[in-house]
2 protein chains.
Amino acid sequence: MNLENTKAQMRKGILEYCILSVLSKNEAYASELIQKLTEAELLVVEGTIYPLLTRLKNDGLLTYRWEESTGGPPRKYYMVTTLGLNFLAELKKTWAAMVASVNRVTGSEGEGRR
Amino acid sequence: MNLENTKAQMRKGILEYCILSVLSKNEAYASELIQKLTEAELLVVEGTIYPLLTRLKNDGLLTYRWEESTGGPPRKYYMVTTLGLNFLAELKKTWAAMVASVNRVTGSEGEGRR
DNA sequence: TTTGCTACTTTGTATTACATGGTACTGTTT
DNA sequence: AAACAGTACCATGTAATACAAAGTAGCAAA
């Protein structure tokens, strides 16, 4: 029962939401995504993001296209599909509801709203 | 990739926080906890909460005492230890930081603060 | 005694994040 | 040209968690 472990557990399930959200604004390839999420202090690593992107693609929420790079191997640029946009809208609601619930239960209901 | 599944994943890791938080205000037994969390629209079931309570107890964050019931079997009333309170304080910070990060990444940073 | 309710417990399963190691393409250095 | 370094993608195995499901046990009323 250490804090790092609990943090990791808390991150579970929100990555999908974050990735879809980031990609809905701009297409990006995996390394770019990792950089953006890391900048936002949401730890992610390769071993996490590649399987996740593949899963989202297999479920029809993402597509990708290959693009040559000016140095190094070609990149897979991912973008959100229409289905992905719908799912993202649902996730947004879900996230908002969950934050509200947690804040209510933990007694920080008013925070950020006064 | 269905919404219910993603919701379940989003809940991961926050239960510890919610339970510690609820118990820090009033001691309670498992069924009471389930009721409170369900009222707050945070689904929990027996199979989830009993092992979790035991884990928190084994890690020294919770203690319990038996109390006879006026009908039915005796109840285990759980309460938070000093160690648990410290951990709770950390979780509170962690949760707040994560919500801030997610909102920043998904572009809902201002929401609830206007 | 049987039935029903409450409360606690245990076992097995699905899902996820991550660590780790591996493949492949490009350009640079020797 | 050969070796190397850097970038990018991919695959496998592990740990942790939530949950379903089935089980145990106490108490009380019919």
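Please refer to the structure placed before this passage.
Note that the structure is predicted; figures quoted are calculated from it, not measured.

**Student:** Would you explain the overall build of chain A in this entry?
**Tutor:** Within chain A, the secondary structure is distributed over 5 helices and 2 strands. Projected onto the principal axes, the alpha-carbon positions of chain A cover approximately 50 × 35 × 25 Å. Buried positions account for 43% of the 114 residues belonging to chain A. Long-range contacts, defined here as pairs at least 24 residues apart, represent 47% of the contacts in chain A between residues at least 6 apart. Total accessible area computed for chain A in this model is approximately 6,200 Å², and 51% of it derives from carbon and sulfur atoms.

**Student:** So what exactly am I meant to see when it comes to the relation of the copies chain B and chain A here?
**Tutor:** Both copies of the chain are related by a screw-like operation: a rotation about an axis and a shift along it. Laying chain B over chain A is done by rotating through 180° and shifting 0.0 Å along the axis; what remains is an RMSD of 0.1 Å. Those values place the two copies in the arrangement expected of a two-fold rotation axis. Taken as a fraction of all interface residues of chain B, those also at the interface in chain A reach 100%, which identifies the copy contact as same-surface.

**Student:** Teacher, can you tell me more about the protein's contact with DNA strand C here?
**Tutor:** Taken together, the neighbourhood of DNA strand C is formed by 25 residues, with Lys12 of chain A together with Tyr29, Tyr50, Arg75 and Lys76 of chain B sitting nearest. Sugar and phosphate atoms form 68% of the subset of DNA strand C atoms that lie within 4 Å of the protein. The contact in question runs from a phosphate oxygen of DNA strand C to an N or O atom on the backbone of Gly13 of chain A, over 3.3 Å. Note that a base nitrogen of DNA strand C is positioned 3.0 Å from one of the side-chain N or O atoms of Glu46 of chain B. Within the residue set of the surface near DNA strand C, elements represented by two or more residues are helix 2 (14–25) and helix 4 (46–58) of chain A together with helix 1 (3–11), helix 3 (30–39), helix 4 (46–58) and strand 2 (75–80) of chain B. Ranked by residues supplied to the surface near DNA strand C, first place goes to helix 4 of chain B with 4 residues. Each residue belonging to the surface near DNA strand C can be placed in one class, and the counts come to 9 nonpolar, 8 polar and 8 charged.

**Student:** Sorry if this is basic, but what is going on with the protein's contact with DNA strand D here?
**Tutor:** Of all residues adjacent to DNA strand D, which total 25 residues, the nearest are Tyr50, Arg75 and Lys76 of chain A together with Arg11 and Lys12 of chain B. Counting only the atoms of DNA strand D within 4 Å of the protein, the fraction contributed by sugar and phosphate is 69%. At a separation of 3.1 Å, a base nitrogen of DNA strand D approaches a polar side-chain atom of Glu46 of chain A. Partitioning the surface near DNA strand D into residue classes produces 8 nonpolar, 9 polar and 8 charged.

**Student:** Got a minute to help me understand the packing of helix 5 (residues 82–106) of chain A against helix 1 of chain B in this structure?
**Tutor:** Packed helix pairs are specified by the crossing angle of their axes together with the interaxial distance, meaning the distance between the axes. Interhelical geometry of helix 5 of chain A versus helix 1 of chain B gives an angle of 35° and a closest axis separation of 11 Å. Two packed elements cross with a definite hand, and for helix 5 of chain A against helix 1 of chain B that hand is right-handed. When helix 5 of chain A is examined against helix 1 of chain B, the residues Phe87, Glu90, Leu91, Thr94, Trp95 and Met98 of chain A are found in contact with a partner set consisting of Leu3, Thr6, Lys7, Met10 and Arg11 of chain B. Class assignment for the residues of the contact of helix 5 of chain A with helix 1 of chain B results in 6 nonpolar, 2 polar and 3 charged.

**Student:** Sorry if this is basic, but what is going on with unusual backbone geometry here?
**Tutor:** Residues apart from glycine generally show negative phi values, whereas peptide bonds are mostly found in trans. Residue Glu41 of chain A is not a glycine yet carries a positive backbone phi of 65°. With respect to the secondary-structure elements, Glu41 of chain A resides in the loop between helix 3 (30–39) and helix 4.

**Student:** Explain the interface of chain B and chain A here, please?
**Tutor:** When the parts of a complex come together, some accessible area is lost, and that lost area is often taken as the interface size. Taken together, the contacts link 45 residues of chain B with 45 residues of chain A. Here chain B and chain A share 0 salt bridges between them. Summed over the shared surface of chain B and chain A, the result is 11 residue pairs in polar contact (both at pLDDT 80 or more). Elements with a contribution of two residues or more to the side of chain B that touches chain A: helix 1, helix 2 (14–25), helix 3, helix 4 and helix 5 (82–106) of chain B. In terms of residue class, the side of chain B that touches chain A is made up of 19 nonpolar, 12 polar and 14 charged.

**Student:** What is the right way to read the packing of aromatic side chains from this model?
**Tutor:** To describe a pair of aromatic rings, one takes the distance between the centres and the angle between the planes. All names here are of chain A. Under the definition given, this model contains 9 aromatic pairs over all chains. Measuring from ring centre to ring centre gives 5.3 Å for Tyr29 and Tyr77, while their planes differ by 65°; the resulting arrangement is edge-to-face. Here the residue Tyr29 occupies a position in the loop between helix 2 and helix 3, and Tyr77 occupies one in strand 2 (residues 75–80), the gap between them amounting to 48 residues. The burial state of Tyr29 is the same as that of Tyr77; both residues are buried.

**Student:** So what exactly am I meant to see when it comes to the nonpolar core here?
**Tutor:** One recurring pattern in soluble globular proteins: nonpolar side chains tend to sit buried together. Formed by 67 residues in total, the largest nonpolar core has its most connected members in Leu37 and Trp95 of chain A together with Leu37 and Trp95 of chain B. Trp95 of chain A has contacts with Ile14 and Tyr17 of chain A together with Met10, Trp95, Met98, Val99, Val102 and Asn103 of chain B, leaving out every residue within four places of it along the chain.

Conventions used here
- Residues numbered from 1 in each chain as written.
- Chains lettered and ligands numbered in written order.
- Predicted model: local features only at pLDDT ≥ 70, side-chain atom pairs only at ≥ 80, totals over all residues.
- Heavy atoms only, no water.
- Helix = DSSP H or I, 4+ residues; strand = E, 2+ residues; numbered from the N terminus.
- Buried < 20%, exposed > 50% of the residue type's maximum accessible area, 1.4 Å probe, protein only.
- Contact = heavy atoms within 4.5 Å.
- Areas by Shrake-Rupley, 256 points an atom, 1.4 Å probe, with all protein chains shown as cover.
- Least-squares fit on C-alpha atoms with pLDDT ≥ 70 in both.
- Near = heavy atom within 4 Å.
- Polar contact = N/O pair within 3.5 Å; in protein donor to acceptor, adjacent residues only side chain to side chain.
- Nonpolar A, V, L, I, M, F, W, Y, C, P; charged D, E, K, R; others polar.
- Axes fitted to C-alpha atoms, helices over the stretch in contact; angles between N-to-C directions.
- Left-handed = near helix turned anticlockwise from the far one by under 90°.
- Salt bridge = Lys/Arg side-chain N within 4 Å of Asp/Glu carboxyl O.
- Phe/Tyr/Trp six-rings, centres within 6.5 Å; stacked < 30°, edge-to-face > 60°.
- Core = buried A, V, L, I, M, F, W, Y, C linked by side-chain atoms within 4.5 Å.

By themselves, these are just geometric observations and shouldn't be taken as functional.
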